[in-house]
Amino acid sequence: MKQNEQEAITLQDFTAGLWKENPVFVMMLGLCPVLAVTNTVENALGMGIATLFVLVCSNALVSALRHFIPKQVRITTYIVIIATFVTLVDYIIQAISLDLYNKLGAFIQLIVVNCLILGRAEAFASKNGFGRSVISATGMGLGFTLALIMLGGVRELLGAGQLLGYPVFSDQFEPWVIMILPPGGFIVLGCWLLLINYVKQRRSTLAMTQNAAASHCTVPQQH
Amino acid sequence: MAQQPEVPELPSSTRLIATLSVVAMLSGLLVVLVYEYTKPIISENQRLATERAIFKILPNAVKYLTFKVDNGQLITADNKSSGELIYAGYDANNTLVGVALPAQAQGYQDIVKILYAYNPYTGCITGFDVLKSTETPGFGTQISTNKEFLANFNCLSAKVDPTSGALWHDIKTVRHGSKTQPFEIDAIAGSTITSNAVGRMLNQSAHRFHPVIAKNLSLLENAARNKEVSHETK
């Protein structure tokens, strides 16, 4: 624990959540809101920002109080902290936009059970310094928001022929209604995972080939 | 000889209770602060949403008056009044064009609240706007987007029998594609629970308010001429 706390803040802390350890595409966390509210970019953005707020604030408080919270009551304390920020975000969204609040439905309150937030509090914020925890949570939250927008963009485009409410295709385009329904969430998530894993695999194969060529070694044959 | 495993010392119960109490108090303080700060903003948003909904469902109205339903009577009120409020819409000549009425029922996830337009002259419900809904996106939310479902409200019959002072018929939701009567609502396939909730809430609200409106129609008709109206369209 001590070793973790002494580690300096690096760019890696921030970027890990964006891509390499993306909570949706790599860690597959918090998939319930990912599938449920990504039928439009606006909903995805609203949910992403709400989750980012709760993640950053709760991780900051958990990290700041980590020396005072006994191990035996840590999970209970984390849940109280997370539930507090979810309640705050619930009021704040109602104050900013009732329309958005109505569109996101019960999924705002359900942020409290998003395992991404409790997972980061337990695995990272409770073992690291304040700054590092906030930077990491920001990266994770932005990675989560990015994933939601990637799903929401495709689903809104194909399911309604729009992007952020603006029509993209001509009137002749027949929307794929399934895309804005729950099965569309599974289909688009599957397609993104397929594409991302294909790109990752191709990159690593390419890197291996280049390394082998650079060191004048032959690539070992697989049998 | 095997060495005894070292047992970590447990903190005292007092410390555990104190930690949880401090965190709970901090949590309560934050929630109360934000609640107090956002309460007036949320109330104003709700008032604006209601006003928007009134002018949306009563497109010919340019102003409206708020009334409170009290013991079968209508009393002039304002938006800050508590109790059951209804809104009468008037055109530029102060002629009554319709009444906006609240309705609510349990949906799939939570209570769905709507405001619907009622024409007391034709006895038709002519449209509605969702004020609060936490229904499943893509399913329950279709009640305000599905064209076939919205066609039910071109003229959903909710007439009052002048002799008995009650509704001629109950409003009910029927299975998709089986509507035969003007007082029936054709449900959305795949969103039956929310469709049924709309039927239930309209039936309940119509039984509650329509007879009162029929009884106090002349009051509603003359109210805008007798006093300055509370709100106007921009």
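Quick note: structure is the one above.
Presented here is a report on the structure given in the accompanying data block.

Quick notes on the rules
Residues numbered from 1 in each chain as written. Chains lettered and ligands numbered in written order. Predicted model: local features only at pLDDT ≥ 70, side-chain atom pairs only at ≥ 80, totals over all residues. Helix = DSSP H or I, 4+ residues; strand = E, 2+ residues; numbered from the N terminus. Expected span 1.5 Å × (residues − 1). Buried ≥ 20, exposed ≤ 12 C-beta atoms within 10 Å, placed from the backbone. Contact = placed C-beta atoms within 7 Å. Core = buried A, V, L, I, M, F, W, Y, C linked by C-beta atoms within 7 Å. Axes fitted to C-alpha atoms, helices over the stretch in contact; angles between N-to-C directions. Parallel < 35°, antiparallel > 145°, perpendicular 65-115°, else oblique. Left-handed = near helix turned anticlockwise from the far one by under 90°. Nonpolar A, V, L, I, M, F, W, Y, C, P; charged D, E, K, R; others polar.

### A few points about helix α8 (residues 130-160) of chain A
Residues and elements named next belong to chain A. Taking 1.5 Å as the rise per residue, α8 with 31 residues should run 45 Å; its terminal C-alpha atoms sit 43 Å apart, in good agreement. Of all 31 residues making up α8, 24 are buried, and the element is well covered by its neighbours. At the C-terminal side of α8, Gly161 shows a positive phi close to 70°.

### Thoughts on the interface of chain A and chain B
The partner chain B presents 26 residues to the 28 residues of chain A that form the contact. Secondary structure elements with two or more residues in the side of chain A that touches chain B: α5 (74-96) and α6 (98-104) of chain A. Looking at which element gives the most residues to the side of chain A that touches chain B, the answer is α5(A), with eleven residues.

### A few points about the nonpolar core
Of all hydrophobic cores here, the largest spans 50 residues; its most connected members are A:Val54, A:Phe85, A:Val89, A:Ala147 and A:Leu151. When residues of this core are traced back to their parent elements, those giving at least two are α3 (31-36), α4 (41-64), α5, α6, α7 (115-125), α8 and α9 (182-214) of chain A.

### Quick notes on unusual backbone geometry
All names here are of chain B. A positive phi angle, close to 55°, is found at Asn71, a residue other than glycine. By secondary structure assignment, the location of Asn71 is in the loop between β1 (63-70) and β2 (73-77). For Asn71, a count of 6 C-beta atoms within 10 Å puts it in the exposed group. Of note, Asn94 is a non-glycine position whose phi angle comes to about 65°, a positive value. Mapped onto the secondary structure, Asn94 falls in the loop between β3 (85-90) and β4 (96-106). Using a count of 16 C-beta atoms within 10 Å as the deciding quantity, one classes Asn94 as partly exposed.

### Overview of the packing of helix α2 (residues 11-20) of chain A against α8(A)
Residues and elements named next belong to chain A. It is at 7 Å that the axes of α2 and α8 come closest, and there the two elements cross at 20°. One finds that α2 runs roughly parallel with respect to α8. For the pair α2 and α8, the sense of crossing is right-handed. Each of Asp13, Phe14, Thr15, Ala16, Gly17, Leu18 and Trp19 in α2 lies in contact with α8, whose residues at this interface are Arg132, Ile135, Ser136, Thr138, Gly139, Met140, Leu142, Gly143 and Leu146. Its residues assigned to classes, the contact of α2 with α8 comprises eight nonpolar, six polar and two charged.

Limitation: the analysis is restricted to geometry and does not speak to function.
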